[in-house]
Amino acid sequence: MPEASSLKSHYGRRGFLDALVLVIPAIPFALVFGLAVRESGLAIWLGWSSSPIMFSGAAQITLITLLGEGASVAAAATAALVVGARHLFYSFSMAPVMQRQPVWFRWLAPYMLVDQVFALCVGKQNLPTADFRHYYLAAGITFWMFWMTFTAVGLFVGPVIPAGLDITFATPVLFMGLLVTAIDSWQKAVVAVFAMLVTFILADMPSRSGLLIAVLAGLILGLVLERLRK
Amino acid sequence: MMIFTTIVLMGLGSYAMRAVFILLLSNHTFPPLALKALEYVGPAVMAALVMTMLLSPEGGHAPRVYEWAGLATAAVVALLTRNHIYVLVLAMGVYWGLGYLM
């Protein structure tokens with residue numbers, strides 16, 4: 001069916017382009033990871049192997065940095081797991097839309113469920129099943145190839161990161177844009193502001209654990225507000 | 001070898017956290033309360049994530065004025081135009097512009 005195949009390439013292309021916009025501001029982060037590997041004193045292939053094995057930027061940096069500082073393996077692993085625990089929310093959030101997907105995709109998709117892929121796909125859950133899959137795969141694969149390449153590049157060019165033009169701020173900016181366009185009720189707006197506030201107040205908690213509490217608090221507030229709506 | 005084993009275990013852990021609900025709930029009907037809560041996961045996580053990115057990983061660093069201004073610009077432009085290219089250009093413009101002046 002020619003219509004179906006053109007639609008397929010359409011959503012695949014959109015996923016690729018949307019991911020590309022988020023890839024560029026993440027380049028410094030990938031280079032910083034390469035630098036963290038060098039400073040850790042671990043063999044560089046060993047540090048980089050965490051990119052394909054874990055594919056989880058902040059958790060990788062936490063693990064490698066703590067191991068390099070001589071923390072115990074248990075302590076480093078625990079901190080990295082806490083940093084990565086927000087993915088539990090992504091998994092929960094994506095569970096209903098994944099029910100309609102083929103089994104192979106349900107097993108593959110979690111491997112690519114990084115922040116950026118979640119941010120792009122959480123608002124696309126009403127797409128037809130195949131379109132959602134093509135969009136998700138295109139965004140996921142784009143981000144995967146970027147992360148493998150630039151964490152490797154960072155192993156060698158780490159020290160020459162240009163400090164002049166700070167592009168990393170584009171990530172929170174784009175996430176803010178995705179957040180605002182995903183809000184379709186005042187309850188969600190209140191929950192978002194509340195979750196930001198709680199994260200800010202809990203900024204000093206270790207390993208980003210404040211984020212987890214903020215999300216849970218936001219969910220509870222959301223359910224309370226739902227009650228009020230009736 | 002110890003380190004590599006740790007990395008592999010962490011890889012399994014990362015995958016498990018992302019897969020657990022997708023795989024375990026693949027054949028379950030969601031109760032109404034869970035479906036309601038689900039609607040709020042996206043906004044709550046995204047909001048908390050944006051704030052986390054402004055704070056340094058070690059904690060303690062308060063976001064600067066031009067960071068707040070950049071984020072506020074992003075929110076307003078997204079609300080008015082729903083266009084992510086405008087969001088990017090205008091918010092980064094405010095962020096760089098104010099950062100340069102201050």
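Note that the structure is predicted; figures quoted are calculated from it, not measured.

Engineer: Outline the overall build of chain A, listing residues and values.
Structural biologist: In terms of helices and strands, chain A carries eleven helices and zero strands. Ordered by position from the N terminus, the helices and strands of chain A form the series α-α-α-α-α-α-α-α-α-α-α. The C-alpha radius of gyration of chain A comes to 19 Å, within 12% of the 17 Å expected for a compact globule of 230 residues. Seen through its C-alpha atoms, chain A measures out along the principal axes to roughly 55 × 50 × 40 Å. Buried residues in chain A amount to 47% of all 230 residues. Nonlocal contacts in chain A, meaning residues at least 24 apart in sequence, comprise 71% of its contacts between residues at least 6 apart.

Engineer: Outline the nonpolar core, listing residues and values.
Structural biologist: Within the largest apolar cluster, 101 residues are counted, with the highest numbers of intra-cluster contacts made by A:Ala195, B:Ala44, B:Ala48 and B:Val50. Counting residues per element, this core draws most heavily on helix α2 (residues 32-54) of chain B, at 14 residues. When residues of this core are assigned to domains, at least three map to each of domain 1 (2-163) and domain 2 (183-230) of chain A. Sequence-distant contacts of A:Ala195, that is, excluding residues within four places in its chain, are made with A:Ala214, A:Val215, A:Gly218, B:Ala44, B:Ala47 and B:Ala48.

Engineer: How would you explain the interface of chain B and chain A if you had to name every residue and give the values?
Structural biologist: Each side of the interface is counted separately: chain B has 56 residues, and chain A has 70 residues. Elements with a minimum of two residues in the side of chain B that touches chain A: α1 (2-24), α2, α3 (65-81) and α4 (84-101) of chain B.

Engineer: Outline α3(B), listing residues and values.
Structural biologist: The end-to-end C-alpha distance of α3(B), which contains 17 residues, comes to 24 Å, matching closely the 24 Å that a straight helix rising 1.5 Å per residue would cover. Restricting attention to buried positions, one finds in α3(B) the residues B:Gly70, B:Leu71, B:Thr73, B:Ala74, B:Ala75, B:Val77 and B:Ala78. The inward-facing, buried residues of α3(B) contact α9 (170-182) of chain A together with α2 and α4 of chain B. The positive-phi residue at the C-terminal boundary of α3(B) is B:Arg82, with phi of around 55°.

Engineer: Break down the domain arrangement of chain A for me, with residues and values.
Structural biologist: All names here are of chain A. Each assigned domain of chain A is listed with its residue range as follows: domain 1 (2-163) and domain 2 (183-230). Centre-to-centre separation of domain 1 and domain 2, based on C-alpha positions: 24 Å. Contact residues are listed per partner, giving seven residues for domain 1 and six residues for domain 2. At three residues, helix α4 (residues 73-84) tops the list of elements feeding residues into the side of domain 1 that touches domain 2. Looking at the side of domain 1 that touches domain 2 residue by residue, the class counts come to five nonpolar, one polar and one charged.

Conventions adopted
- Residues numbered from 1 in each chain as written.
- Chains lettered and ligands numbered in written order.
- Predicted model: local features only at pLDDT ≥ 70, side-chain atom pairs only at ≥ 80, totals over all residues.
- Helix = DSSP H or I, 4+ residues; strand = E, 2+ residues; numbered from the N terminus.
- Rg over C-alpha atoms; globule rule 2.2 N^0.38 Å.
- Buried ≥ 20, exposed ≤ 12 C-beta atoms within 10 Å, placed from the backbone.
- Contact = placed C-beta atoms within 7 Å.
- Core = buried A, V, L, I, M, F, W, Y, C linked by C-beta atoms within 7 Å.
- Domains from an automatic or database assignment.
- Expected span 1.5 Å × (residues − 1).
- Nonpolar A, V, L, I, M, F, W, Y, C, P; charged D, E, K, R; others polar.

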